[in-house]
Amino acid sequence: MSSVENSVLAEKIAALKKEKRAIILAHYYTDGAVQAVADFVGDSLALSQKAAGVDADIILFAGVRFMAETAKVLSPDKKVLLPVVEAGCSLADSCSAADLARVKAEYPDHLVVAYVNTSVEVKALTDICCTSSNALKIVEGLPKEQKILFVPDRNLGGYINKCTGREMKLWDGACLVHEEFSAEAIEALKKAHPQAKVVVHPECRAEVVQLADYAGSTAGILSYCGESEAEEFIVATESGILYEMENRYPTKRFYPVPKSGACEGCISCLDMKKVTLENIYETLLNESPKVVIDEEMRVKAEKSITRMLAGS
Ligand code: 13P
Ligand code: SF4
């Protein structure tokens, strides 16, 4: 779409937001054009904090389904809209509620800590949620002797085990996007840019996280790039973050890690990229698709999220 078409749609979206008292929350992994029309852009933790306290009648969530569900759980009286209902998450899909219920029954003495990248049904079976921003803090806040089942991200769970010295039992799930980053592609970029610092999301595999000068959530990575004296960064997380990086720090240089073996081509989450200005406009206009959650399920899921927010 041309930039003129983009700005016409952006104006129509702004008019609808005003008319309907709607706000748009967007994740850093969405397209730059989508982030540009959002009222608030953040990582998973900041977005759930925002959703819990927002003053609006409608929340349009520019992101994937588990994020919009979390917003609905925290703001049940608001209309929560998700432009593309099929916008899922490989990590959330790697842990079904039926499988979790079965494993919980095998480990009745384990507390379930779940990454927010899970369905509302899984959150309803969870004791406490976490995001990549607060996972260390949440786990360290639990008594040392407490046994923990960490779901669904084996990479984030392994990273926390390494940092804390704990031996949480890990679910065997992963984000298929972050699994694409390779140590070999990072090493090649380091050779080309020896001064650059390496920033990595902990959803990446251990051998990739091991190369990081900084490992953390998308918001953590953004802060690190601002606070660091370095001028160049090798970026091992989803490519949408480059929009905010380049906006915030226009004099610094960012090198996205390409797919292994490829000389170009960023690693992107196709589900996040399903959100477009066109479907945001249609969704706001029709006030549909809406997120609907059974009240009993919502109340159960809410406990695990509010427990996280209280400890963040
Ligand atoms: P954060 O928003 O916590 O950085 O997580 C990244 C992610 O993969 C969201 O889907
Ligand atoms: Fe899920 Fe990975 Fe996409 Fe995040 S980047 S929404 S964890 S598939």
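Up top is the structure.
Small disclaimer: the values here were computed from a predicted structure and weren't measured.

Caption draft 1: The overall build of the protein chain, seen in detail. Within the protein chain, the regular secondary structure consists of 15 helices and twelve strands. Reported as C-alpha extents along the three principal axes, the dimensions of the protein chain are approximately 55 × 55 × 30 Å. Counting only residues that meet the buried cut, the protein chain has 54% of its 312 residues in that class. Split by element, the accessible area of the protein chain, about 13,600 Å² in all, is 50% carbon and sulfur. Mean positive and mean negative side-chain charge positions of the protein chain (35 and 45 charges, respectively) differ by 3 Å.

Caption draft 2: Layout of the site of ligand 1. Taken together, the neighbourhood of ligand 1 is formed by 14 residues, with His-27, Ser-44, Ser-132, Glu-203 and Thr-218 sitting nearest. In this structure, His-27 approaches ligand 1 through a side-chain N or O atom, which is 2.7 Å from an oxygen atom. His-201 is positioned such that a nitrogen or oxygen atom in its side chain is 3.0 Å from an oxygen atom of ligand 1. Relative to its unbound accessible surface of 300 Å², ligand 1 loses 96% to contact with the protein. Among the residues making up the shell around ligand 1, the classes are represented as five nonpolar, seven polar and two charged.

Caption draft 3: Structural context of the site of ligand 2. Looking at ligand 2, the residues that line it are Tyr-29, Val-64, Cys-89, Ser-90, Leu-91, Asn-117, Cys-175, Glu-203, Cys-269 and Met-272. The class makeup of the residues in the shell around ligand 2 is seven nonpolar, two polar and one charged.

Caption draft 4: Examining the side chain of Ser-44 more closely. Mapped onto the elements of the fold, Ser-44 is located in helix H3 (residues 44–53). Given a relative accessible area of 18%, Ser-44 falls into the buried group. When neighbours within four sequence positions are excluded, Ser-44 is seen to be in contact with His-27, Met-67, Val-116 and Thr-131.

Caption draft 5: Spatial organisation of unusual backbone geometry. A cis geometry characterises the amide bond from Val-151 onward to Pro-152, with omega recorded as -10°. Tracing the chain through its elements places Pro-152 in the loop between strand E7 (147–151) and helix H9 (154–164). Unusually for a residue other than glycine, Arg-21 sits at a positive phi of about 50°. Inspection of the secondary structure assignment puts Arg-21 in the loop between helix H1 (3–20) and strand E1 (22–27).

Caption draft 6: Expanded view of the pairing of E7. In terms of residue burial, E7 counts as a mostly covered element, since four of its five residues are buried. Bridge count between strand E5 (residues 110–115) and E7: five bridges; the pairing is parallel. When the bridges of E7 are listed, Val-113 appears paired with Phe-150. Both E7 and strand E8 (residues 169–170) contribute to a ladder of two bridges, which runs parallel. When the bridges of E8 are listed, Phe-150 appears paired with Leu-170. In terms of handedness, the path from E7 via H9 over to E8 forms a crossover that is right-handed.

Caption draft 7: Structural view of the sheet that holds strand E9 (residues 197–200). Judged by pairing direction, the sheet is parallel, and its four strands sit side by side in the order E10-E9-E11-E12 without closing on themselves. Every interior strand has two partners, whereas the edge strands, strand E10 (214–215) and strand E12 (253–256), have only one. By the bridge criterion, four bridges tie E9 to strand E11 (residues 232–236) in an arrangement that is parallel. By the bridge assignment for E11, Val-200 is matched with Ala-236.

Caption draft 8: Expanded view of the side chain of Lys-273. One can find Lys-273 in the loop between E12 and helix H14 (277–286). Residues in contact with Lys-273, not counting those within four places in the same chain, are Tyr-29, Thr-30, Asp-31, Glu-238, Ser-239, Gly-240 and Ser-268.

Reading the values: rules and limits
- Residues numbered from 1 in each chain as written.
- Chains lettered and ligands numbered in written order.
- Predicted model: local features only at pLDDT ≥ 70, side-chain atom pairs only at ≥ 80, totals over all residues.
- Heavy atoms only, no water.
- Helix = DSSP H or I, 4+ residues; strand = E, 2+ residues; numbered from the N terminus.
- Buried < 20%, exposed > 50% of the residue type's maximum accessible area, 1.4 Å probe, protein only.
- Areas by Shrake-Rupley, 256 points an atom, 1.4 Å probe, with all protein chains shown as cover.
- Lys, Arg positive; Asp, Glu negative; His and termini not counted.
- Charge placed at Lys NZ, Arg CZ, Asp CG, Glu CD.
- Near = heavy atom within 4 Å.
- Polar contact = N/O pair within 3.5 Å; in protein donor to acceptor, adjacent residues only side chain to side chain.
- Nonpolar A, V, L, I, M, F, W, Y, C, P; charged D, E, K, R; others polar.
- Contact = heavy atoms within 4.5 Å.
- Pairing = 2+ DSSP bridges.
- Right-handed = clockwise from strand over helix to strand, strands pointing away.

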